Amino acid sequence: MFKSVTYIERRKLLKKDVGSGLILFLGNEESPMNYPANTYHYRQDSSFLYFFGLDSPGLAAVIDVDAGKDVLFGDDIGIEDIIWMGNLPKMKERAFEVGVRHTAPRASFAATVRQALAAGRPVHYLPPYRADNALVLSDLLGIPVKELKSKASQGLIRAIVAQRIIKSKEEVREIESAVAASQAMYLAAMKLAKPGRYEYEISGAMEGIALSRGMHLAFPPIVTINGQTLHMHDHGNILVKGRLLVMDCGAESATSYASDITRTVPVGGRFNRRQKDVYEIVLAGQETAIKALKPGINFKDIHLQTARVMAAGLKDLGLMKGGTGEAVAAGAHALFFPHGLGHNLGLDVHDMEDYGENNVGYGEKVERSSQFGLAYLRMARELRPGHVMTIEPGLYFIPALFALWRKEKKHRDFIVYDAVEKFLDFGGARIEDDVLVTEKGRKVLGPPIPKTVVDVEKACRS
Ligand code: GLY
Ligand code: MN
């Protein structure tokens, strides 16, 4: 947890930006796996963490903008919980830690909200993403569950996004501590990426390192020799020479800030010619993107610039043809790079995605494209100092997409289908770092993690 002044200042700014009414925050509850008392790892709601810092179930809060008053709702635990789960400080003490003077029993949250509704005051709420909180809100506000998202307060979302998208120094330090854990995770994983091992041995070792630092993973890890499947979460394959191992994992710091790093390594520790060729193109794309990051530039333009660099590399390799600029404008590169360059990173790995991707990454000035590939770009808007972005280009050979496009003769002025066909057993390669936009340019966060061909091979064979 940060010092109380951090939370006090955040709530103060939110009151100013929202202007009037009552703002609701529901903390997350425990989430059962197979019976109520057997729960998944507990994760507090990120909005709740951002404004109220307390990391446990059973809490809700309101910010009464008109009265200038913040209230935390929660109950002091009784003897039974103390016996089974251990003690917790009293609500008053916990609230004091985050600069909140008013506390009330959890059950009185509903009455507070109903009073405001009855008085015709604006009640602002965020779109719920968990079923239990959606039911609570629906019951409280009299809005059908299906309509909760579309009726959530746009003004509140805008105000929170504006605040959370710019990371303070203490937030950046947290992200860097998560990247430091990632460094240890990747150095261990690279050594383990040998033929004969199973993917789960590596994903397990990586998760173990996060846990051994008192952290958790920030999202389900991708550790796969089938990197052509972008979010492959199965870890059951045996590593074989000739495949690339794509590892996309992140840790979550003590205060729940995420890292999100991807490295791609050759099983056995030596890139073959073809792997090296493709990997170097991805690396050139990633380095171009990092160098291009600076305030005032649209992230979408950096995405397109990266796509052009990679398309030029694919042309040199004989897989694409024609004008690189035209190919990217037409979307032909998306056969190989069908996703976005990156996303905001913070308390969530896809930061604030629960508010709606367009509310975070787009705005009045930049609209989401409907073109295949570009449509998946989560962040397009202008960069400002304090943005933390992932930079994660990749190249993939996806047999099903190839077959479909070839059948449709799609972009045949730009794609050399006969040459690409020889790469269909390749898999994929992605490289990802977490980068802070600074006043002058950018800073790659955390300690370095091997990335060049030479450094990756060295780390694999050390
Ligand atoms: N780390 C997975 C993703 O960014 O989607
Ligand atoms: Mn990512």
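Residues numbered from 1 in each chain as written. Chains lettered and ligands numbered in written order. Predicted model: local features only at pLDDT ≥ 70, side-chain atom pairs only at ≥ 80, totals over all residues. Heavy atoms only, no water.

Caption draft 1: Representation of the coordination of the manganese ion (ligand 2) in the model. The manganese ion (ligand 2) binds to the protein through D260 (OD), H343 (NE2), E392 (OE) and E432 (OE); the donor distances cover 2.0 to 2.3 Å. Taken in chain order, the donor set of the manganese ion (ligand 2) reads D-x82-H-x48-E-x39-E. Of the two residues, E392 sits in the loop between β13 (388-391) and β14 (394-396) while E432 sits in the loop between β15 (428-430) and β16 (433-437), which places them 40 residues apart along the sequence. Note on accessibility: E392 and E432 belong to one class, buried. (Donors = N, O, S within 2.8 Å, 3.2 Å for Na, K, Ca; no water. Helix = DSSP H or I, 4+ residues; strand = E, 2+ residues; numbered from the N terminus. Buried < 20%, exposed > 50% of the residue type's maximum accessible area, 1.4 Å probe, protein only.)

Caption draft 2: Broad picture of the nonpolar core. L14, L24, F25, L72, L245 and F299 are the most contacted members of the largest nonpolar core, which totals 147 residues. Residues contacting L72, with those up to four places away along its chain left out, are F48, F52, L54, A60, A61, M91, A95, V98, V100, H102, T103 and A104. (Core = buried A, V, L, I, M, F, W, Y, C linked by side-chain atoms within 4.5 Å. Contact = heavy atoms within 4.5 Å.)

Caption draft 3: Expanded view of the packing of aromatic side chains. Enumeration according to the criterion identifies 16 aromatic pairs in this entry. Aromatic pair F372 and W405: ring centres 5.9 Å apart, planes at 65°, arrangement edge-to-face. Highlighted residues: F372 in the loop between α14 (357-361) and β13 and W405 in helix α15 (residues 399-407), separated in sequence by 33 residues. On the basis of relative accessibility, which here comes to 2%, the residue W405 falls in the buried class. Ring pairing ties together the aromatic residues F25, F48, Y50, F51 and F52, which thus form one cluster. The ring of Y50 has R10 lying over it, and the distance from NZ or CZ to the ring centre is 3.8 Å. Of note, R274 hangs over the ring of F423, and the distance from its end group to the ring centre comes to 5.1 Å. (Phe/Tyr/Trp six-rings, centres within 6.5 Å; stacked < 30°, edge-to-face > 60°. Lys NZ or Arg CZ within 6 Å of the ring centre and 35° of its normal.)

Caption draft 4: Up close: the pattern of salt bridges. Scanning the model with the defined rule gives 27 salt bridges in all. One salt bridge in this structure joins R368 and E357, with 2.6 Å as the shortest N-O distance. Here the residue R368 occupies a position in the loop between α14 and β13, and E357 occupies one in helix α14, the gap between them amounting to 11 residues. Residue R368 is classed as partly exposed on the basis of its relative accessible area of 26%. Under the relative-accessibility criterion, E357 is labelled partly exposed at 24%. The shortest N-O distance in the salt bridge between E392 and R430 comes to 4.0 Å. Remark: R430 occurs in strand β15 and E392 occurs in the loop between β13 and β14; sequence separation between them is 38 residues. The buried category is assigned to E392, whose relative accessible area is 9%. By relative accessible area, which is 3% here, R430 ends up buried. Three or more residues are tied together by salt bridges with common partners; here these are R164, K167, D348 and D351. (Salt bridge = Lys/Arg side-chain N within 4 Å of Asp/Glu carboxyl O.)

Caption draft 5: Structural context of a negative patch on the surface. On the surface, a cluster of negative charge is made up of D75, D76, E93 and E97. Along the chain, the position of D76 falls in the loop between β5 (69-73) and α3 (79-85). (Patch = residues over 30% accessible without salt bridge, like charges linked within 9 Å, V, L, I, M, F, W, Y side chains within 5 Å. Areas by Shrake-Rupley, 256 points an atom, 1.4 Å probe, with all protein chains shown as cover. Lys, Arg positive; Asp, Glu negative; His and termini not counted. Charge placed at Lys NZ, Arg CZ, Asp CG, Glu CD.)

Caption draft 6: Quick peek at unusual backbone geometry. Positive phi is not limited to glycine here, since S256 has a value of about 75°. Residue placement: S256 occurs in the loop between β11 (251-252) and β12 (261-266). Overall, S256 belongs to the buried group, its relative accessible area being 5%. Not every positive phi belongs to a glycine, and M352 is a case in point at roughly 65°.

Caption draft 7: Here's a closer look at the environment of S212. Relative to the helices and strands, S212 resides in helix α10 (residues 199-212). C-alpha separation for the pair S212 and A181, spaced 31 residues apart in sequence, amounts to 9.7 Å. Within the local environment of S212, its side chain forms a polar contact with the backbone oxygen of I209, the two atoms lying 2.9 Å apart. (Polar contact = N/O pair within 3.5 Å; in protein donor to acceptor, adjacent residues only side chain to side chain.)

Caption draft 8: Expanded view of the site of ligand 1. Lining the immediate surroundings of ligand 1 are F219, H231, D248, D260, H343, H350 and E392. Contact distances for ligand 1 include 2.9 Å between a nitrogen atom and a side-chain N or O atom of D260. Separating an oxygen atom of ligand 1 from a side-chain N or O atom of E392 is a distance of 3.4 Å. Calculation on ligand 1 without its partners gives an accessible area of 190 Å², and the protein chains cover 93% of this total. Using a 2 Å cut-off from the grid points, one finds that ligand 1 occupies the largest pocket. (Near = heavy atom within 4 Å. 1 Å grid on protein atoms, 1.4 Å probe; cavity = no way out; pocket = protein on both sides within 12 Å on 5 of 7 lines; lining within 4 Å. Sits in = over half its atoms within 2 Å of the grid points.)

Caption draft 9: Seen up close, the packing of helix α5 (residues 108-118) against helix α6 (residues 131-141). Where α5 contacts α6, the axes come no closer than 10 Å and their chain directions differ by 40°. Between α5 and α6, the crossing angle belongs to the class labelled oblique. Relative to α6, the crossing made by α5 is right-handed. For the pair α5 and α6, the contacting residues are F109, A110, V113, R114 and L117 in the first and D139, L140 and L141 in the second. Across the contact of α5 with α6, the residue classes tally to 6 nonpolar, no polar and 2 charged. (Axes fitted to C-alpha atoms, helices over the stretch in contact; angles between N-to-C directions. Parallel < 35°, antiparallel > 145°, perpendicular 65-115°, else oblique. Left-handed = near helix turned anticlockwise from the far one by under 90°. Nonpolar A, V, L, I, M, F, W, Y, C, P; charged D, E, K, R; others polar.)

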